[in-house]
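Okay, here's what each chain looks like letter by letter:
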Amino acid sequence: MYQHNPSIQTNLFKLFCCIVFILSALGIAQGQGKVELKLNDSSYFESQGVNMLVFSNWYDGNFSDAKISGIEIIHHGERTVTNGDLRLGPTPEQWDPIPTFIERKVDRANQTIEAYLTYPEHDFKFMIRGKAHENGMLISIHTEKALPKALVGLAGFNMEFLPSAYFEKALLIDGKSEVFPRYPSGPTKINQSGETEPLPLVSGKKLVLAPEAAERHISITANDTDAGEGQLALYDGRNKAQNGWFVVRSMIPEGKTGKVIEWFITANVVPDWVRTPMIAFSQVGYHPDQQKVAVIELDKLDTAEQNARLLKVTEDGSYSEVYEAEAKPWGRYLRYNYARFDFSEVKESGL
């Protein structure tokens with residue numbers, strides 16, 4: 001009779017993770033490429049397939065856990081990393097305090113962006129710097145004053161990762177393999193206030209996320225500084241809130257000044273990656289006599305095909321061409337190129 005042996009299952013899974021990691025490291029699993037970040041005209045770091053933003057956006061003022069600020073990464077067209085900032089908890093919630101933004105400085109000659117912030121109620125100012133370095137970016141936190149006693153054990157640099165981008169993908173912490181959980185099941189404790197507080201899923205000096213997935217593969221190393229030895233901890237923010245993300249965190253050391261934290265972060269790039277075009281059109285349909293224009297949004301390195309076609313869905317699930325016309329280039333807006341497809345001549349109803 002067959003008997004289930006969980007230890008065998010665990011060992012096989014770990015072996016699978018190791019095999020995937022080896023293939024990924026050799027560039028065999030999927031296309032691999034190096035990031036070559038440069039500050040662009042829009043004042044963020046750019047490489048084909050990866051953009052790294054340093055406080056290009058700010059929290060909207062309504063919710064302190066809005067996923068729109070700090071240091072962010074747009075990875076193969078998806079914003080999968082955000083809220084790289086100094087926060088007072090491992091997995092901040094919507095009413096938790098945020099720092100006050102002072103100013104942002106862009107230094108193109110040295111390929112750096114610096115953001116200056118403060119927690120005014122604690123008279124604590126700090127600077128976060130992003131600098132293009134080798135095949136990634138150095139992120140460092142600098143302070144002129146030591147951490148106030150009220151913030152010791154609370155203040156740390158956080159960066160949040162989109163859970164759905166990493167569900168059931170591998171992670172490596174100092175070479176040891178684990179898996180991102182699909183459901184929030186991380187360890188917790190009850191703090192002095194009687195509230196549930198997440199504990200780290202893993203901790204160490206180097207964290208590799210999704211080494212087997214070329215489009216989501218990211219590596220973070222906590223460098224040592226004059227303030228002490230760098231350490232990373234990974235938390236599952238979903239243990240506290242439904243909209244929680246995975247959070248990577250390093251604590252600000254007590255009694256130290258200068259460069260108190262430094263990370264080196266790099267994101268894998270699929271060679272020659274170009275974002276899939278997005279087509280915007282009316283979701284409620286059109287009156288037969290009104291103007292009908294679809295807007296085609298393209299990667300800045302992409303160009304529109306000369307013509308676009310309107311297809312009709314038939315009862316048997318096949319498609320028939322109804323109309324074809326030029327996709328006329330419109331121009332650039334922010335991050336994308338645009339074209340317009342005018343099919344106003346079509347009067348026939350259908351899907």
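Look above for the structure.
Residues numbered from 1 in each chain as written. Predicted model: local features only at pLDDT ≥ 70, side-chain atom pairs only at ≥ 80, totals over all residues. Heavy atoms only, no water.

Describe the pattern of salt bridges, with residues and values.
One pass over the structure, following the stated rule, counts 15 salt bridges. Across the pair Lys 105 and Glu 103 runs a salt bridge, and its minimum N-O distance is 4.0 Å. (Salt bridge = Lys/Arg side-chain N within 4 Å of Asp/Glu carboxyl O.)

Quick rundown of the sheet that holds strand S9 (residues 136-143)? Include the residues and the values.
Strands sit in the order S6-S7-S8-S9-S20-S17-S16-S11-S12 across an open sheet of nine strands; the sheet is antiparallel. Looking at strand neighbours, the two that pair on one side only are strand S6 (100-107) and strand S12 (176-179), the edges of this open sheet. Sheet twist, expressed as the average angle between the axes of neighbouring strands with direction ignored, equals 20°. With five bridges connecting them, strand S17 (residues 218-222) and strand S20 (residues 258-267) associate as antiparallel partners. (Pairing = 2+ DSSP bridges. Helix = DSSP H or I, 4+ residues; strand = E, 2+ residues; numbered from the N terminus. Axes fitted to C-alpha atoms, helices over the stretch in contact; angles between N-to-C directions.)

Describe the sheet that holds strand S22 (residues 293-299), naming the residues involved and giving the relevant values.
An order of S21-S22-S26-S25 is seen for the four strands of this open sheet, with the pairing classed as antiparallel. What marks the edges here is a single partner per strand, and that holds for strand S21 (278-280) and strand S25 (328-333). Here the strands of the sheet are splayed against their neighbours by 25° on average, with no regard to which way each runs. In terms of strand pairing, S21 meets S22 through three bridges, oriented antiparallel. Directly across from Ala 280, in S22, lies its bridge partner Val 295.

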